[in-house]
Amino acid sequence: MTIYSLYILNKAGGLIYQTDPCPGLNKLSANEYLVLAGTLHGVHAIASRISPTAPTPNTGFFGTGKAVAGNCNTSGLKSLETDAFAMYVFQTVTGLKFVLVTAPGTRAQADAAELVLCRIYECYADYVMKNPYYSLDMPIRCDMFDEKVVEVTQVVV
Amino acid sequence: MSSLINPSLSHTPPSTRGYNPAVGVLSNGLLTTTDVQHAFIAATAPSIALAPGKRNSMALRKTPEISLSALIYIFNELIINYNFNQSSNIAVLEKKLNALGYPIGIKALELHSTRSASPAAPETKRFTRVLDVLQYIHTHIWTMLFSKTADNLEKSQDNADEYMIIDNEPPLTKYAKPPKEFDQLNCNAFVAGILEGLLDAAYFSCSVSAHTVPVDGFPMRTVYLIKFSRSVLEREFVRFSR
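Now for a quick tour of the structure. (Residues numbered from 1 in each chain as written. Chains lettered and ligands numbered in written order. Predicted model: local features only at pLDDT ≥ 70, side-chain atom pairs only at ≥ 80, totals over all residues. Heavy atoms only, no water.)

## So, helix α1 (residues 30-49) of chain A
Residues and elements named next belong to chain A.
Line of reasoning, step 1. Between the first and last C-alpha of α1 there are 30 Å, a value that for 20 residues agrees with the 28 Å anticipated at 1.5 Å per step.
Line of reasoning, step 2. Burial in α1 covers these residues: Y33, A37, L40, H41, H44 and S48. The arc that holds every buried residue of α1, seen down its axis, measures 100°, which confines them to one face. Residues of α1 that are exposed and point over 90 degrees away from its buried face: N31, V35, I46 and R49.
Line of reasoning, step 3. For α1, the elements touching its buried residues are β1 (3-9), β2 (15-19), β4 (86-91) and β5 (97-102). (Helix = DSSP H or I, 4+ residues; strand = E, 2+ residues; numbered from the N terminus. Expected span 1.5 Å × (residues − 1). Buried < 20%, exposed > 50% of the residue type's maximum accessible area, 1.4 Å probe, protein only. Arc of directions from axis to C-beta. Contact = heavy atoms within 4.5 Å.)

Here it is in structure tokens:
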């Protein structure tokens, strides 16, 4: 699985982290990344409302079903597949979104992507939330988190 | 309140330095007398009874462990709210953290002595030599505080009164490195305060500071620089140089 890009969105849809583990990709401008993140946030919110079935508690990865934010009654947008790339979204119970953009792949890759997102969430919990110099919902600038993300994404590349 | 701050014997005017048997260690140079009196109250106040009726069980357990995450969250809030916003510079913040650790050090020495006593040997040893007490900290105190021993104990080559205890991965700063604008800050000043309180209570007056000396793979490797006061070294010389 080739990981093109990783985005982390705060609960308001602001982009707080973006990295391209795969070298040689064209970069967008900073503003374009923000627009992309905001759009994705909106699409996700719409997707969580247009589910044809009745809203169920968000079981997510941990199946807790409690402390569910208002806009995640359903899991919303979980993955997006195109000919050029695949995108996997993982939303935490607090509304934080981890977005992974990879090369298009099979069903097995979706499972692998879920695992990667889980590992990155773990790193976030450890190296961002336990960092006293980081303020919540602001862009992440933590050296140790950067290193860990590289480690996690290198393993699967 | 004044009766709390001045327990029984403290009608004698407080001196600024030294050890008063009624009040304990009087000053480490960083703290004002009131700080030390507060520290004394904190050190002697009964600990919170976690299980009512079994008050002593927590204190006497051999390996009472707490969650590192919970500890780090509390410690971080301490840095941010209690100190970060109210300190004019890094030195002041480190001084405050040091002062916070100081009373814990006094308690840690008592607690470890109490725990290591047994019915056969109810009185534990008091250390009289610098090296002995440092080795005791390096192995036993570190194990009690962090469930591991410190990684190294060194004597300074330049100064006879300086010793270093080295921890490759200090648990309190395991997950965070200060940003570039606070490059010199090492929040293990709190641990340095613990060591300082402990050594003061053990009659080795000194000052301890924490410094970040990173090596490959250990970005937060911390050196605790222990600088003993002259009287300690003179005492050591008089007693043990034959």
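## Concerning the sheet that holds strand β6 (residues 222-228) of chain B
All names here are of chain B.
Line of reasoning, step 1. Here we have four strands laid out as an open sheet, ordered β3-β4-β6-β5, and antiparallel in their pairing. Only two strands of the sheet have a single neighbouring strand rather than two, namely β3 (152-155) and β5 (206-212). Here the strands of the sheet are splayed against their neighbours by 20° on average, with no regard to which way each runs.
Line of reasoning, step 2. Of the strand pairs in this sheet, β5 and β6 are connected by seven bridges, and their pairing is antiparallel. (Pairing = 2+ DSSP bridges. Axes fitted to C-alpha atoms, helices over the stretch in contact; angles between N-to-C directions.)

## What to know about the pairing of β2(A)
All names here are of chain A.
Line of reasoning, step 1. Counting buried residues along β2, four of its five residues qualify, which places the element largely inside the surrounding structure.
Line of reasoning, step 2. In this sheet, β2 lies alongside β1 in antiparallel orientation, the contact comprising four bridges. Bridge pairing in β2 places I8 opposite Y17.
Line of reasoning, step 3. The antiparallel hairpin formed by β1 and β2 contains five residues in its connecting segment, where G13 sits at a positive phi of about 90°.

## Quick notes on the side chain of A:S5
Residues and elements named next belong to chain A.
Line of reasoning, step 1. Within the secondary structure, S5 sits in strand β1.
Line of reasoning, step 2. On the basis of relative accessible area, S5 is assigned to the buried category, the value being 6%.
Line of reasoning, step 3. Here D20 takes part through its side chain, which lies 2.7 Å from a polar atom of the side chain of S5.
Line of reasoning, step 4. With residues up to four places along the chain from it excluded, the contact list for S5 reads Q18, T19, D20, P21, V99, L100 and V101. (Polar contact = N/O pair within 3.5 Å; in protein donor to acceptor, adjacent residues only side chain to side chain.)

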